Amino acid sequence: FYPSSFTAAALLDAAMSSGDLSSQEGWYENVLTSASQRRVDLLNVLMDVAAQQRDFVLAGLWYEKAKARGVFPSVSAFNTLIAACAKSGEFETAKAWYGRAVGAGFDPNLATFTMLIDVALEQRRPSIAGYWFNQSIAEGVLLPVVTFNRLLEKSARLGDFSTAGGLYKRGVDAGVTPNNETFRTMIIASAKNRDMAAAEIWYQRAVHSRFEPGATIFQALISTVSRNGDVHAAEHWFKQAEARGIEPTLSMFNSMVAAAAKSGDVAAAEHWFRKTEAAGIQPNVYTYSSMINAAAKSDNLTAAERWFEDSLEAGLKPNRITFTTLMDAATRSGDDEAARRWYEVALNAGVVPTIFTFNTLMNGPARNGDLEATENWYRTARFMGATPDRITFNILINAAAKKGDLKAAQSWFEKAQENGIKPNVVTFATLISAAANSRNLSEAQRWCLEADKFNIRPNLVMYNSVISAAASQGALNVAEAWFERMSQQDIRPNVVTFNSLISAAAKRGDLSSAERWFQKAKAARVRLDAIMFSALINAAARNGNFAAAEAWYEEAEKSKATPDIVTFNTIITALAKRDNITAADAWFQKALDTGCAPDEVTFMAFVKAAARKEDLSLLEQWMSKAARAGFKPKLIYYRVLENKIAQRAFRGVIQRAVDEGDQSAAIRWRTWAAHEADPAE
């Protein structure tokens, strides 16, 4: 008696339950001597079981024993095993079983290659999918255009357009007939990757292949680039549509308005709004919502509210997007009360808020580090039945980070975990920022390392955050160590990276290291900006090397990256401390010449120097300049000046005001001198 396939399946099922597949070795040996068809059936069952158990080693042993007796499984059994290997990510094992199938005389069929390509694409392995595509061509198996299109799309979405182009050519040469979807796929994938040159190439290929791009392709293209806020690309495709005689639709116009809104170009948004009306098309609620969004992006709450009123006059009923955009306009303008007012208006209008609504409301106070207000909106969201998402918790962590409350940031991170929310790169970058704001460098480093536990590979933003945290404390060696770690991960540094490293050196007055990192920045071909030159000038000034500071200032001017008042203050303060008032004054004039308005720190440098020298004339001069610039003597002035010198200085300034006939100035100075006004006002 030899077991049937059904009996074998039952026996194997029991073996699988016990986890002991090898226990059936004895009767398997006996079955191999049975009738031919029964042996094949059993081997097919065995291959299927091995595939389910992902035990490819045991499957290999069974296969080799059967092969020795001239017994081979069916092509479907081979396909099952190959699929199991591929789904397990064991593509090399899949190739080995593919080789066994070919060696057994089976021609891999369409199902084999379609399955292998689909699995590779699901696992985001377009190179593996491309390998099997090439194998299918070599075997003369012509893939359906649907699979062909998916292969091209996945390759293109990952930005690998050269590979996609090669696959397209090989497929067409092999006889695959591209359709309109092929070109639509490639054009849109290119646009989503912001590679408009590639999109143009595929568009021209479509036209050359006598495929007429329809309104849907142009709508998809305009919509895609619109989401990126790329107004110029959107206008390009809009004109292409018009050139081909395609009548613009409301959706196309809405995408144009939305593109301008997303880029913050209010004028362009209004231009396309008016073009919509000129085309005889009535704008809808989404058109007006985009206009409100454009106003919000430019922090213009008044304009946003005006567009809302216009939508009501047009007889349109505002929806959740409309109200949420108005709340966004309010929070961006720093008017949290207006945001709350629009929230209440939305409730009265019967609009049910979602977590997206509350995230918008939380963003305003979070940006200002108002953790209490942010947490209040979170509690309101929970009360209203909205389920917090990852963005919600990231906003809360950001609010804590802005406040410099590392403990609260960590607490909200833990609450996110309790709610089943997985952190992302933004979460860890924000936590690192919270640690940096708390001047806790060790915690900043710990959070970057912690990301690995969540299978999150640190990206440029995270590395920059740690390097910046180290730089803020002048820990150049730590910053450099993280730079090396980043380089080992093949992450390319940007201008922010190098600015932090140069700033770290500047804080230590380490001019040579600052200049060394500047040269590395040049070699990396990053943009040399004002922040970078400011850090170099700062390093030179702290080092007392004013000739180098002058040289770097000139270099900044050549690069059209003029430093800001903070940089000028660094030099002026350093010179003033050395009582080199003449040189400090020269830098003061340079600041004015470049359009940099002096601030309190600027004037304080001169006041302190004059006080040290007990030079009343100089003191009166700079206190008068400060007054003309709109600065009142604050408490720090009184702390800097000894009382006797202060009183003599104030008398001199008051007398000068009297001599010039400026009685109001004289009274103001008398008030300040007598401390009758609050110096902090």
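Residues numbered from 1 in each chain as written. Predicted model: local features only at pLDDT ≥ 70, side-chain atom pairs only at ≥ 80, totals over all residues. Heavy atoms only, no water.

Okay, the overall build of the protein next. A tally of helices and strands in the protein yields 39 helices and zero strands. Classification of the 681 residues of the protein by burial places 48% in the buried group. Considering only contacts in the protein between residues 6 or more positions apart, those separated by 24 or more positions represent 67%. (Helix = DSSP H or I, 4+ residues; strand = E, 2+ residues; numbered from the N terminus. Buried < 20%, exposed > 50% of the residue type's maximum accessible area, 1.4 Å probe, protein only. Contact = heavy atoms within 4.5 Å.)

A separate point is the pattern of salt bridges. Oppositely charged side chains can pair when the atoms bearing their charge come close. One pass over the structure, following the stated rule, counts twelve salt bridges. Across the pair arginine 274 and glutamate 270 runs a salt bridge, and its minimum N-O distance is 3.3 Å. Residue arginine 274 and its partner glutamate 270 are both found in helix 16 (residues 266–278); the two are separated by four residues, about one turn of the helix. For arginine 274, a relative accessible area of 38% puts it in the partly exposed group. (Salt bridge = Lys/Arg side-chain N within 4 Å of Asp/Glu carboxyl O.)

Together, Leu347, Phe383 and Met384 make up a nonpolar patch on the protein surface, roughly 320 Å² of accessible area in all. Mapped onto the elements, phenylalanine 383 comes out in helix 22 (residues 371–383). Taking the relative accessible area as the measure of exposure, phenylalanine 383 reaches 72% and is therefore exposed. (Patch = residues over 30% accessible without salt bridge, like charges linked within 9 Å, V, L, I, M, F, W, Y side chains within 5 Å. Areas by Shrake-Rupley, 256 points an atom, 1.4 Å probe, with all protein chains shown as cover.)

Attention now moves to the packing of aromatic side chains. This model, assessed by the stated rule, comprises 43 aromatic pairs. Judged by centre distance (5.9 Å) and plane angle (55 degrees), the rings of tyrosine 378 and phenylalanine 393 are tilted. Of this pair, tyrosine 378 sits in helix 22 while phenylalanine 393 sits in helix 23 (residues 390–403), and the two are 15 residues apart along the sequence. Just as tyrosine 378 is buried, phenylalanine 393 falls in that class too. Put simply, the rings of Phe133, Phe148, Tyr168, Phe183, Trp202 and Phe211 touch in pairs and so form one group of aromatic residues. Here arginine 446 stacks its cationic end above the ring of tryptophan 447, 4.5 Å away from the centre of that ring. (Phe/Tyr/Trp six-rings, centres within 6.5 Å; stacked < 30°, edge-to-face > 60°. Lys NZ or Arg CZ within 6 Å of the ring centre and 35° of its normal.)

It is at 8 Å that the axes of helix 25 (residues 425–437) and helix 26 (residues 441–450) come closest, and there the two elements cross at 165 degrees. Relative to helix 26, the element helix 25 is oriented roughly antiparallel. The crossing of helix 25 and helix 26 is right-handed. Contacts from Phe428, Leu431, Ile432 and Ala435 in helix 25 reach Glu443, Ala444, Trp447, Cys448 and Glu450 in helix 26. Considered class by class, the residues forming the contact of helix 25 with helix 26 number seven nonpolar, no polar and two charged. (Axes fitted to C-alpha atoms, helices over the stretch in contact; angles between N-to-C directions. Parallel < 35°, antiparallel > 145°, perpendicular 65-115°, else oblique. Left-handed = near helix turned anticlockwise from the far one by under 90°. Nonpolar A, V, L, I, M, F, W, Y, C, P; charged D, E, K, R; others polar.)

In the Ramachandran plot, lysine 560 falls in the positive-phi region, its phi being about 55 degrees despite a non-glycine side chain. For lysine 560, a relative accessible area of 79% puts it in the exposed group. For aspartate 579, which is not glycine, the phi torsion reads 60 degrees and is therefore positive. One can find aspartate 579 in the loop between helix 33 (565–577) and helix 34 (581–593).

Taken as a whole, the protein shows an average pLDDT of 82; of its residues, 83% reach a score of 70 or greater. The secondary-structure element of the protein with the lowest mean pLDDT is helix 37 (residues 635–640), recorded at 49, while helix 22 shows the highest, at 95. Contacts for the low-pLDDT stretch residues 1–6, under 50 throughout, to residues beyond four places or in other chains number twelve contacts. Below pLDDT 50 for its whole length, residues 675–681 participates in nine contacts with residues either more than four positions away or in separate chains. (pLDDT = per-residue confidence, 0-100.)

Take a positive patch on the surface next. On the surface, Arg439, Lys507, Arg542, Lys577, Arg578 and Lys608 cluster together into a positively charged patch. Positionally, arginine 439 belongs in the loop between helix 25 and helix 26. Classification of arginine 439 by relative accessible area gives exposed; the value is 53%. (Lys, Arg positive; Asp, Glu negative; His and termini not counted. Charge placed at Lys NZ, Arg CZ, Asp CG, Glu CD.)

A few words now on the packing of helix 21 (residues 355–367) against helix 22. Interaxial distance between helix 21 and helix 22 falls to 8 Å at its minimum, and their mutual angle equals 170 degrees. Our classification of the angle between helix 21 and helix 22 gives roughly antiparallel. The segment helix 21 lies against helix 22, with Ile355, Phe358, Leu361, Met362, Pro365 and Ala366 engaging Ala373, Thr374, Trp377, Tyr378, Thr380 and Ala381. Tallied by class, the residues present in the contact of helix 21 with helix 22 amount to ten nonpolar, two polar and no charged.

On to the side chain of asparagine 394. Inspection of the secondary structure puts asparagine 394 in helix 23. Asparagine 394 has contacts with Asn424, Val426, Thr427 and Thr430, leaving out every residue within four places of it along the chain.

What follows is about helix 21. The terminal C-alpha atoms of helix 21 lie 18 Å apart, and with 13 residues this matches the ideal 18 Å at 1.5 Å per residue to within 8%. Among the 13 residues in helix 21, ten count as buried, and that is most of the element. Every buried residue belonging to helix 21 is among Ile355, Thr357, Phe358, Asn359, Thr360, Leu361, Met362, Gly364, Pro365 and Ala366, and all of these are buried. Looking at the packing, one finds that the buried side of helix 21 touches helix 19 (320–332), helix 20 (336–348), helix 22 and helix 23. Just beyond helix 21, the residue with positive phi is glycine 369, at close to 75 degrees. (Expected span 1.5 Å × (residues − 1).)

Time to look at the side chain of threonine 357. Of note, threonine 357 is situated in helix 21. Apart from residues lying up to four places away in sequence, threonine 357 is in contact with Arg320, Thr324 and Met327.

If you trace the backbone, serine 468 turns up in helix 27 (residues 460–472). On the basis of relative accessible area, serine 468 is assigned to the partly exposed category, the value being 34%. Sequence separation between serine 468 and isoleucine 432 is 36 residues, and the spatial gap between their C-alpha atoms is 9.8 Å.

This part is about the environment of arginine 390. Relative to the elements of secondary structure, arginine 390 occurs in helix 23. A C-alpha to C-alpha distance of 9.7 Å links arginine 390 and asparagine 419, two positions 29 residues apart in sequence. In contact with arginine 390, other than residues within four places in its own chain, are Ile421, Lys422, Pro423, Asn424 and Thr427. Here lysine 422 takes part through its backbone oxygen, which lies 3.2 Å from a polar atom of the side chain of arginine 390. (Polar contact = N/O pair within 3.5 Å; in protein donor to acceptor, adjacent residues only side chain to side chain.)

Moving on, we come to the environment of glutamine 655. You can see glutamine 655 is positioned in helix 38 (residues 643–659). Residues glutamine 655 and alanine 666, eleven residues apart in the sequence, show an inter-C-alpha distance of 7.4 Å.

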